[in-house]
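A closer look at the structure
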Amino acid sequence: MSWLAALGLLLLQTGAFGFDIFSGNSLNHQEITERAILNVTAQVCRALALAEGKDFTFPRLTAESVAVACEASKSSKSFRQTIKLIQNKNKQVDVRFLFDPRYHFDDENFTEGRQIITDGLSVVKASNKINNFEAAREKLGQILHPLQDFYSHSNWVEMENKVPNSNLIRSNAVIGSIAAESRATCRNCVGDDCTNNILEDILGEKILTSGYFALVSILAAKPTGKCSHGGKYDATSEIEPTGGINKDTLDASHGHLHMKAANLAIAATSDLLEDIRGAAGDKPFLQMMGISKGKALCFVIDTTGSMSDDIAAVRGVTSSIINSKVGTEDEPSVYILVPFNDPEFGPLTKTTDPEVFKNAINSLSAIGGGDFPEMSLSGLQLALTGAPRNSEIFLFTDATAKDQHLRSTVIALIEQTKSVVNFMITGILGFRRRRQSAVSQQQDQQSGNRMLKSDARLYIDMAQASGGLAIEVSKSELPVAISILTESSISSLVTLLQAARNPKAENFTFTVDESVRNLTVYITGTLVTFTLISPSGVSQESANATGSLITASQSVGNFKTLQLKTQPGLWEIKMVSTNPYILKVIGESPIDFLFDFLEVSQGPFGGLDVVDNRPRAGVNGSLIVTLTGSESTTVTEVLLVESSGLREVNGTVEVLGGGDYLARFDRIPTEEFVVLVKGQNSNGSSGILQRQSPTSTKASNVTVTSPDSNSVLVPGIPLSVPFSVMTSGTGGNFSIRATNDHGFNSSFPSSLFLETGGSGNGTVNLTAPSTTPSGTDVTLTIEVEAPGSADINYVVLRFTVLKTVTDFTQPVCKLLSLQSNCSDICSLSMWELSVQVTDGADGTGVDRVSLRQGNGTMNTSLAVGNGTMNTSLAVGKENITLVSYSSSCCSPDVELLVVDRVGNVASCFYSIRKTATNSSQTATTNSPQGPTTAAAVVSLSTRAVQSFLLCFSITLLGLNLLC
């Protein structure tokens, strides 16, 4: 909605259109979205807890509190990150689709606006079905904007509706009676008073209308008698009938109804989230929201002939990790495996089932080989696009990369996802045991030595850029190295310091706060010595394996790990080396941070927008920092530290509230840099907090953007993806590269000529094969390289492959029988029912039947001919699924959740409770035929039940929603 029509994350203090994001009493898109997500997520966790017989205390609605209540406290950072991503995609609609009335329900575009919502909802459901949660989140944020705008821009509130319009999320339902183009809807406002400007017959007959909007007078046009959006930026508001009807803020044309509109927008957002939840299931819904116990476990493995020892080591360590972590708070949220060799790479295996992951690794075999390099970067590209943001990826190889042309693409994906990549390199000198002659082997060894100086450096550079490590070990040492790294790979791991240096002596300091546990130092490199100095002044030399400061240490290959005695305060480590090395200091702590760079909005109202790629180099800039895991810690400093360690830029920090801080810098470094955040605990405990971003950032003088107008790929049909390039530096021929992680056919210009300080446009044509499954997530990376290879920037776009959806009808339940012998002693008696579930002749078929409520036993079978086949899923569109349910009379209610293959959800409620006016059992069904039982049926709609739950939830938020 134009509740955020300021076009960006932050607004300028003057000339802004819409809300001031961080102050005032009006509610905006971010707040509406966050409140609904927190509410529904807490409700999901409550349902799961009660189903397991656990108590559940409804938490305060903050990301940290909800994560704790969901027994996933270590996921508070990923949960907060998910919320921010959805919020950002929501508000980007006001930047990218400002003048498209469909995205705002302006100009009476009701049918068109609803189609944007329902088409996007199909994408979300298809993506969730195959665990492509990132694509689901991005599309969810985009469709929430028009959904929320409906209540601010239409007259739904003025018609005194107390509940959301649930048909906005259903393609085949009637939204309501829409005003004809020739029908007048408004009169002139009386001065600044627009309270009664909507015509009485429009309200009395429940006719839907919305305001017309145009930014400039030359475009201002509306049919005679129609309402305007209103406000000083709406040129149509000066055309009779004058004024407007928007409820974007408290001081808008209909600002007296702002809170009612905002409350309905929260309820409608919750309603849509509940529909997504029903289609996905409770646990996948939580994964989409970033609520999970641990981090992703992601392996990228070379499967050529010489890797048999490495694969065996990975198998053993994988089994150990899974056996030790499943069922604990560090159980991996998702398991990802990408094999590669030459010329093949993939497929990507992504699963939440550890046994599936085990089987995938056990099925790997080391075969083939011949030439030395392999498709390692292609495999890594696929992993980076398939893994969640902030993942830690482990790549195993004993060969250099054959696909080095993907170097900048992979680094772009590392920066964009803020993922850490660790390279586990065996046989680095090229001693690959292939079936070659002695002469060939000698030549291969000599070639390998040259690769060590050139090609192998690629892995080291990528590890440094991502905040990972390049560990060089023998094949026999690999199991130990894997165990050290993966065992310490937990979701609450934070980086206190990371530095990569060429040979020289240098002193580093890092601050340890009281929340840090398991303080650990990683060092990769050879002939490295160090001296550790604790906050109390005690020192220890590297020659001493253990002592007063180092409680344990291990060395394998070029990798050394030190477990330190955790002592709060300022530490120092003095490094001396004649070779390049990487130093990394980590610890376990709930407190960490998120960050995004900001740029001046390209929209007509100014402000600042989130930068999705590299920020501009050498100019002033801004950064938004979000502190996670603590409500008592404040950010005091934000610094941009050049990776060389030579210079740093200190920003001015402004508190925005809700854990957000704005840092402004007078310049963005032209050299590669990391973000360093310092803070102070405000609860009285001593110690300064220090956290560093593992992933490096490099600024650019090139800007690459894409309007993101269509994120759906229809199989077999080319999609044109426009992009724009602008340079603030020297002009010339700029090289263009466009790659996608699935190798789909694409075409694009190889170069664009730009004048100095100029801009240009291009198009990538992308086609998914006709056999591509719906829900497949495709990542397109468009890179632009300045003349002389001096500067590169990129844009990363996600697309979802979706076959045309024609089934918009919910499955249907028909009650066949309901019997009970309940007595006053409920534990001694039982009741049971039988239900027939179908999806209709034109449906896609029933995909899943589950219990939303009830503690009894449910069985499903597929009716075939005159008999039944025991199965949980219908396998044909017209097949009938039979559901039987039995329960103790102590559990008198049951709710069945039925989902078809495209995510249409039906809820069927049955009960043996006695009513106040009738002593017989009651049942609720969505079937138009009604239940075939002698028991009386109380006609209650599932939607009415959900509306009650929404009202209950909103009450918990402290909002005054009328129900």
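Scroll up to find the structure.
Let us look at the structure shown here. Each chain carries its own residue numbering, running from 1 in the written order of its sequence. Local features are withheld for residues below a pLDDT of 70 in this predicted model, meaning they are given only at 70 or higher, and side-chain atom pairs are given and counted only at 80 or more; totals for whole chains, interfaces and linings count all residues. Values shown for side chains rest on all heavy atoms present in the structure; no hydrogens or waters enter the calculation.

Throughout, disulfides are identified as pairs of cysteine sulfur atoms within 2.5 Å of each other. Per the counting criterion, the structure on display carries 6 disulfides. Note that cysteine 45 is cross-linked by a disulfide to cysteine 70, the S-S spacing being 1.9 Å. What sets the handedness of the cysteine 45 and cysteine 70 disulfide is the S-S torsion sign, and at about 100° it is right-handed. Separated by 25 residues along the polypeptide, cysteine 45 in helix α1 (residues 29-51) and cysteine 70 in the loop between α2 (63-69) and α3 (76-96) bring together distant segments of the chain. The same class applies to cysteine 45 as to cysteine 70, namely buried. The secondary structure listing takes helices from DSSP runs of H or I that are at least 4 residues long and strands from runs of E that are at least 2 residues long, numbered from the N terminus. A 1.4 Å probe rolled over the protein chains alone gives each residue an accessible area, and that area as a share of the maximum for its type sets the label: buried under 20%, exposed over 50%, partly exposed in between.

Below, the discussion takes up the pattern of salt bridges. One speaks of a salt bridge when a side-chain nitrogen belonging to Lys or Arg is within 4 Å of a carboxyl oxygen belonging to Asp or Glu. The full count for this structure, using the stated rule, is 35 salt bridges. Across the salt bridge formed by aspartate 310 and lysine 475, the nearest N and O atoms sit 2.6 Å from each other. Of this pair, aspartate 310 sits in helix α9 (residues 308-325) while lysine 475 sits in the loop between β8 (470-473) and α15 (478-487), and the two are 165 residues apart along the sequence. The pair formed by aspartate 310 and lysine 475 is uniform in burial state, with each residue classed as buried. A salt bridge links glutamate 642 to arginine 647; the nearest nitrogen and oxygen atoms lie 3.0 Å apart. Linked through salt bridges whose partners overlap, the residues forming this network are Glu52, Lys54 and Glu71.

Judged by pairing direction, the sheet is antiparallel, and its 4 strands sit side by side in the order β27-β29-β33-β31 without closing on themselves. Of all the strands in the sheet, the pair left with one neighbour each is β27 (702-705) and β31 (745-747). Direction aside, the axes of adjacent strands within the sheet are offset by 25° on average. Note on pairing: DSSP must find at least two bridges between two strands before they are called paired. Here strand β29 (residues 719-727) pairs with strand β33 (residues 759-767) via 8 bridges, running antiparallel. Looking across to β33, one finds that serine 724 is bridged to asparagine 761. Here an axis means a line fitted to C-alpha atoms, over the contact stretch when the element is a helix, while the angle between two N-to-C directions is reported on a 0 to 180 degree scale.

With that settled, consider the packing of helix α4 (residues 110-129) against helix α7 (residues 258-280). Put simply, α4 and α7 touch, their axes get as near as 10 Å, and they point 35° apart. Seen along the crossing, α4 lies across α7 with a hand that is right-handed. Residues Ile117, Leu121, Val124, Lys125 and Asn128 of α4 touch α7, and the partners they reach there are Leu272, Asp275, Ile276, Ala279 and Ala280. Only Asp, Glu, Lys and Arg are considered charged in this grouping, and only Ala, Val, Leu, Ile, Met, Phe, Trp, Tyr, Cys and Pro are considered nonpolar; every other residue, Gly among them, is considered polar. Each residue belonging to the contact of α4 with α7 can be placed in one class, and the counts come to 7 nonpolar, 1 polar and 2 charged. Should the near helix be turned anticlockwise from the far one by less than a right angle, the crossing is termed left-handed; should it be turned clockwise, right-handed. We call two residues in contact whenever any of their non-hydrogen atoms come within 4.5 Å of each other.

The next thing to look at is unusual backbone geometry. Excluding glycine, residues mostly carry a negative phi; peptide bonds, for their part, are mostly trans. Aspartate 342 connects to proline 343 through a cis peptide bond whose omega is 15°. Among the structural elements, proline 343 can be located in the loop between β4 (335-340) and β5 (349-351). The linkage connecting glycine 346 with the following residue, proline 347, adopts the cis geometry, with an omega of 5°. Residue asparagine 131 is not a glycine yet carries a positive backbone phi of 65°. Tracing the chain through its elements places asparagine 131 in the loop between α4 and α5 (133-153). For glutamate 160, which is not glycine, the phi dihedral falls at a positive 65°. With respect to the element layout, glutamate 160 can be found in the loop between α5 and β1 (177-178).

This brings us to the packing of aromatic side chains. Between rings of Phe, Tyr and Trp, where Trp is taken as its six-membered ring, a pair exists when centres lie within 6.5 Å; planes separated by under 30 degrees are stacked, by over 60 edge-to-face, and by other angles tilted. Per the counting criterion, the structure on display carries 18 aromatic pairs. On the basis of an interplanar angle of 75° and a centroid distance of 5.3 Å, the ring pair of phenylalanine 105 and phenylalanine 150 is categorised as edge-to-face. Residue phenylalanine 105 is found in the loop between α3 and α4, and its partner phenylalanine 150 is found in helix α5; the two are separated by 45 residues along the sequence. For phenylalanine 150, a relative accessible area of 0% translates into the label buried. Ring geometry for phenylalanine 595 against phenylalanine 597: centres 6.0 Å apart, planes inclined by 90°, an arrangement best described as edge-to-face.

Limitation: the analysis is restricted to geometry and does not speak to function.
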